[in-house]
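Secondary and tertiary structure notes
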Amino acid sequence: MRPAIRPVRADDLPALVALDEVCFGSDAWSAGAWADEFERLSEDRVILVADEGAVVGYAVLLVPPVVEDVVEVLRIAVTPAERRTGIGGQLLTIALDRCAGRTVLLEVASGNQSARALYAGFGFEEISRRPGYYGGGEDAVIMRWREEL
């Protein structure tokens, strides 16, 4: 059974903080940073949650007003037990559907081959790198998606 993808709810905050820590370790957002994201939901943030009775994945988007063309995927994660089951693709599909006609940017660690393959499969292209951006000196790969019109 595929999880339901839904908008975030206030009671998801503890689960998101915990999942972020599992997925990103020392690069995880703090509980305070997550609370800030929740405060910005009505402004320019969209948080989608994959729910199987528990939060198993999420995507955080920065969606500026329509006058700006670029949307940024700030975070996307799936619990390790649920990876390679299509949840990341579900989240990304719904996120991209919300971005029709706009350019979408994201960054990913250069060594995260599975995420890079997922994004490339959706038509994202590498456009730049930030050398040594992540801990341990790993590069950040900047990728761009533009809907075919």
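Calculation notes
- Residues numbered from 1 in each chain as written.
- Predicted model: local features only at pLDDT ≥ 70, side-chain atom pairs only at ≥ 80, totals over all residues.
- Heavy atoms only, no water.
- Buried < 20%, exposed > 50% of the residue type's maximum accessible area, 1.4 Å probe, protein only.
- Helix = DSSP H or I, 4+ residues; strand = E, 2+ residues; numbered from the N terminus.
- Arc of directions from axis to C-beta.
- Contact = heavy atoms within 4.5 Å.
- Core = buried A, V, L, I, M, F, W, Y, C linked by side-chain atoms within 4.5 Å.
- Expected span 1.5 Å × (residues − 1).
- Pairing = 2+ DSSP bridges.
- Axes fitted to C-alpha atoms, helices over the stretch in contact; angles between N-to-C directions.
- Phe/Tyr/Trp six-rings, centres within 6.5 Å; stacked < 30°, edge-to-face > 60°.
- Lys NZ or Arg CZ within 6 Å of the ring centre and 35° of its normal.

1. So, helix H2 (residues 31-39)
Residues separated by three or four positions in an α-helix point in the same direction, a consequence of the helix having 3.6 residues per turn. Considered for burial, the residues of H2 that qualify are Trp-34, Glu-37 and Phe-38. End-on view of H2: buried residues confined to an arc of 100°, all on one side of the axis. Next to the buried residues of H2 lie helix H1 (13-24), strand S2 (45-51), strand S3 (55-62) and strand S4 (70-78).

2. Some points on the nonpolar core
Membership of the largest hydrophobic core comes to 26 residues, with the highest contact counts inside it found for Leu-91, Val-104, Tyr-119 and Phe-124. Listed by contribution, the elements that provide at least two residues to this core are S2, S3, S4, helix H3 (87-97), strand S5 (103-109), helix H4 (113-121) and strand S7 (140-146). Looking at this core, the element that brings in the most residues is H3, giving five residues. When neighbours within four sequence positions are excluded, Leu-91 is seen to be in contact with Ile-5, Leu-48, Val-49, Ala-50, Gly-57, Tyr-58, Ala-59, Ile-76, Ala-77 and Val-78.

3. Some details on H1
Its twelve residues give H1 an end-to-end C-alpha distance of 16 Å, which sits within 8% of 16 Å, the value for a rise of 1.5 Å per residue. Burial in H1 covers these residues: Leu-16, Val-17, Leu-19, Asp-20 and Cys-23. Positioned one or two residues after H1, Gly-25 has a phi angle of 55°, which is positive.

4. Re the sheet that holds S5
Spatial ordering of the open sheet is given by S1-S2-S3-S4-S5-S7-S6, a layout of seven strands whose pairing is mixed. Sheet topology places strand S1 (4-7) and strand S6 (125-130) at the edges, where each strand pairs with a single neighbour. Neighbour-to-neighbour, the strand axes of this sheet turn through a mean angle of 25°, independent of strand direction. H2 contacts S2, S3 and S4 of the sheet and is inclined by roughly 110° relative to S2. Along the sheet, H4 makes contact with S4, S5, S6 and S7, crossing S5 at roughly 160°.

5. Notes on the environment of Tyr-58
Take Tyr-58: it is sitting in strand S3. Not counting the four nearest positions on each side in its chain, Tyr-58 is found in contact with Leu-16, Leu-19, Asp-20, Phe-24, Trp-34, Leu-48, Val-49, Arg-75, Ile-76, Ala-77 and Leu-91.

6. Remarks on the packing of aromatic side chains
Summed over all chains, the structure comprises four aromatic pairs. Ring plane angle 85° and centroid distance 5.2 Å describe the contact between Trp-34 and Tyr-58, whose orientation is recorded as edge-to-face. Here Tyr-58 lies in strand S3 and Trp-34 lies in helix H2, a separation of 24 residues in the sequence. A residue is classified by how much of its surface remains accessible, and Trp-34, at 0% relative accessible area, is buried. We note Arg-130 situated over the ring of Tyr-133; from NZ or CZ to the ring centre the distance is 5.5 Å.

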